[in-house]
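Take a look at the letters that make up each chain.
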Amino acid sequence: EYSHELQDDLLIKHHLSTLQEQLLESNLIRIIEPYSCVEIEHVASLIDMPLPVVEKKLSQMILDGKFHGILDQGKGQLIVYEEADQDQAMEKGLKVIENMDKVVTSLFGRSQALRSMMV
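If you're wondering where the values come from, they're calculated on a predicted model, not measured in any experiment. (Residues numbered from 1 in each chain as written. Predicted model: local features only at pLDDT ≥ 70, side-chain atom pairs only at ≥ 80, totals over all residues. Heavy atoms only, no water.)

Comments concerning the pattern of salt bridges
Applying the stated criterion across every chain yields a total of four salt bridges. Between glutamate 21 and lysine 57 there is a salt bridge, with its nearest N and O atoms 2.6 Å apart. Of this pair, glutamate 21 sits in helix α2 (residues 10-32) while lysine 57 is found in helix α4 (residues 51-63), placing the two residues 36 residues apart along the sequence. Look at glutamate 21 and you get partly exposed, because its relative accessible area is 33%. Judged by relative accessible area, which is 4%, lysine 57 ranks as buried. The closest approach of N and O atoms between lysine 57 and glutamate 25, which form a salt bridge, is 3.0 Å. Taken as a pair, lysine 57 in helix α4 and glutamate 25 in helix α2 lie far apart in primary sequence, 32 residues in all. (Salt bridge = Lys/Arg side-chain N within 4 Å of Asp/Glu carboxyl O. Helix = DSSP H or I, 4+ residues; strand = E, 2+ residues; numbered from the N terminus. Buried < 20%, exposed > 50% of the residue type's maximum accessible area, 1.4 Å probe, protein only.)

As for a negative patch on the surface
On the surface, Glu1, Glu5, Asp8 and Asp9 cluster together into a patch of negative charge. Turning to its location among the elements, aspartate 8 is positioned in helix α1 (residues 3-8). (Patch = residues over 30% accessible without salt bridge, like charges linked within 9 Å, V, L, I, M, F, W, Y side chains within 5 Å. Areas by Shrake-Rupley, 256 points an atom, 1.4 Å probe, with all protein chains shown as cover. Lys, Arg positive; Asp, Glu negative; His and termini not counted. Charge placed at Lys NZ, Arg CZ, Asp CG, Glu CD.)

Observations regarding the pairing of strand β2 (residues 69-72)
Of the pairings in the sheet, the one linking β2 to strand β3 (residues 77-80) comprises four bridges and is antiparallel in character. Counted as the bridge partner of leucine 71 is leucine 78 from β3. Joining the antiparallel neighbours β2 and β3 is a turn of four residues, in which glycine 76 adopts a positive phi near 70°. (Pairing = 2+ DSSP bridges.)

Distances and angles like these do not, on their own, reveal function.
Written as structure tokens, this is what we have:
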């Protein structure tokens, strides 16, 4: 009844667009969840959307890290990978660098204090 008014309001139009994208993503994830390899055309038919739209959205979701996988467009398949464990070495290395930064900053502050006392 009020679709014209809702579409004319930029804020509501933006929120509706965002909601539509989120619903599409969650539906696609729900559809591909049981598969390790599925034909993209099958996914498009299940969700009742054109193949190019589904391919584009799946590609965007892979790039955004929503799930791990690849699109094999030659075969028309989506290959889904298991969730990879995060590399703990990288996380621990970043923590070490962060702590070293705090130590260097603290030492620099102390040296500045000593210099100001000597002057």
